[in-house]
Amino acid sequence: MNIRLITVGRVKEKFFTEAVAEYSKRLSRYCTLTVAEVPDEPTPENAADSVKAEIMRREGIRILKHVRDSDYVIALAIEGKQRTSEELAEHLNDLAIGGRSTIDFIIGGSLGLAPEVMSRSDEALSFSKMTFPHPLMRVILLEQVYRSFRIIRHEPYHK
């Protein structure tokens, strides 16, 4: 299985890059992980809604350049469906059994994801109603994907 993270912005903090590297290493036993980082657009303070919409549109164009027609796309969004770790594991397993070889997880910029990205997504996934910094969300996502593979294979870790 191929897991692809398509994210807006770069991880700058060393502790986040080390955590991402650790989970990337752990995941290498189970899947091929790739990360595509697209540049984020600077958002002016007190930006008008039209400016925010344009920023999301530009970021969305960059995101969608990395999505192939055959990919199964999961957008991370507060309004998405919440799943337990076991439910996520079962869902990823079902996708793999159903022939989905590449799953793209999309993490948007500080303003969220453009409507075009949400329209292309096969589903929206929420980890919480809270907002997290994007680098931390990347770590949380990778940890949960790793946990899912451990659950699927009945390996100890998730308890």
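The preceding data block contains the structure.
Criteria and cut-off values
Residues numbered from 1 in each chain as written. Predicted model: local features only at pLDDT ≥ 70, side-chain atom pairs only at ≥ 80, totals over all residues. Heavy atoms only, no water. Helix = DSSP H or I, 4+ residues; strand = E, 2+ residues; numbered from the N terminus. Expected span 1.5 Å × (residues − 1). Buried < 20%, exposed > 50% of the residue type's maximum accessible area, 1.4 Å probe, protein only. Arc of directions from axis to C-beta. Salt bridge = Lys/Arg side-chain N within 4 Å of Asp/Glu carboxyl O. Pairing = 2+ DSSP bridges. Axes fitted to C-alpha atoms, helices over the stretch in contact; angles between N-to-C directions. Contact = heavy atoms within 4.5 Å.

1. Section: helix α3 (residues 85-97)
Okay, so step 1: Here α3 is 13 residues long and its end C-alpha atoms lie 18 Å apart, about the 18 Å a rise of 1.5 Å per residue gives.
Okay, so step 2: Of the positions making up α3, those classed as buried are Ser 85, Leu 88, Ala 89, His 91, Leu 92 and Leu 95. On an axial view of α3, the arc spanned by its buried residues comes to 165 degrees, and they lie on one face. For α3, the exposed residues lying more than 90 degrees away from the buried face are Glu 90 and Ile 97.

2. Re the pattern of salt bridges
Okay, so step 1: According to the stated counting rule, one finds 17 salt bridges in the structure shown.
Okay, so step 2: The closest approach of N and O atoms between Lys 14 and Glu 18, which form a salt bridge, is 3.7 Å. One end of the pair is Lys 14 and the other is Glu 18, both in helix α1 (residues 14-27) and four residues apart, which spans about a single turn.
Okay, so step 3: Look at Lys 14 and you get exposed, because its relative accessible area is 59%.
Okay, so step 4: Residue class for Glu 18 comes out partly exposed when judged on its relative accessible area of 47%.

3. Looking at the sheet that holds strand β2 (residues 32-38)
Okay, so step 1: Taken together, five strands build an open sheet; the order of strands is β2-β1-β4-β3-β5 and the sheet is parallel. Strands with a single pairing partner mark the edges of an open sheet, and in this sheet they are β2 and β5 (123-126). The average angle at which neighbouring strand axes cross in this sheet is 30 degrees, direction not considered.
Okay, so step 2: Sheet analysis places strand β3 (residues 72-82) next to strand β4 (residues 102-107), joined by four bridges and oriented parallel. By the bridge assignment, Tyr 72 is partnered in β4 with Ile 103.
Okay, so step 3: Packing against the sheet, helix α2 (residues 49-64) makes contact with β1 (2-8), β2 and β4, and its axis sits at approximately 160 degrees to β1.

The values reported here are purely geometric and, on their own, carry no functional implication.
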